[in-house]
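Listed here are the chains, written in short residue letters.
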Amino acid sequence: MFSHAVTYRVCYADTDQMGYVYYGNYARLYEIARVETLRSLGVSYKDLEEQQIGLPVYENYSKFLAPAYYDELLTIECTLLSLPQVRIQFSYRILNSKQELIHEGKTTLVFMDMKRQKMVKAPDYLLEVLKPYF
């Protein structure tokens, strides 16, 4: 298992009329966390894309426990629970500024050859970086 945490300050554009983070923005928070989680391992989305490997989202799940508010500093914990194959699954826990759990989520992405539009195995270099954690 590999985990990484990032912080994010809620800006006004993230909120709805009630002052809560708009539910659709949680997917964006997931993306921020997973991009930075891979970057912490030395793997960037940009490098993957330059190798013609895309990572489209296959599944997305959110569970809302409590609202997040404007100007709140959130901690987004992102965890890889298993070594990827053709799919890679991330789980998320979002904590508010009091370190209370306010949100849980999961996304599954697939590795795709962007030229052929076909699913492929995870790149060997990514697997090598991840193997010590599993």
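Here, residues in each chain are numbered from 1, in the same order as that chain's written sequence. This being a predicted model, a pLDDT of at least 70 is required before a residue's local features are given, and a value of 80 or more before pairs of side-chain atoms are given or counted; all residues contribute to the totals for chains, interfaces and linings. As a convention, hydrogens and water are excluded, and side-chain values are obtained from all of the structure's heavy atoms.

An unreviewed UniProt entry annotates the protein as Thioesterase family protein originating from Aquirufa salirivi. UniProt positions are given in the numbering used here, feature names are shortened, and annotations may be inferred rather than shown by experiment. Of the protein, the UniProt comment under Sequence similarities (unreviewed entry) reads exactly: "Belongs to the 4-hydroxybenzoyl-CoA thioesterase family."

> So what exactly am I meant to see when it comes to the sheet that holds strand 6 (residues 101-110) here?
The strands making up a sheet are joined through hydrogen bonds of the backbone, oriented either antiparallel or parallel. Read from one edge of the open sheet, 5 strands run 1-4-5-6-3, paired in antiparallel fashion. One side of each edge strand has no neighbouring strand; the edge strands of this open sheet are strand 1 (2-9) and strand 3 (57-64). Averaged over all adjacent pairs, the angle separating strand axes in this sheet is 20°, with direction ignored. Strand pairing is defined by DSSP finding a minimum of two bridges between the two strands. To qualify as a helix, a DSSP run of H or I must reach at least 4 residues; to qualify as a strand, a run of E must reach at least 2; elements of each kind are numbered from the N terminus. Pairing between strand 4 (residues 73-80) and strand 5 (residues 87-95): 6 bridges, direction antiparallel. Residue pairing in the sheet places Cys-78 in a bridge with Tyr-92 of strand 5. The contact rule is simple, with two residues in contact once any of their heavy atoms fall within 4.5 Å. As a rule, the C-alpha atoms of each element are fitted with a line to give its axis, helices using only the stretch in contact, and angles between N-to-C directions run from 0 to 180 degrees. Together, strand 1, strand 3, strand 4, strand 5 and strand 6 form the strand contacts of helix 1 (residues 26-40), whose direction differs from that of strand 1 by roughly 130°.

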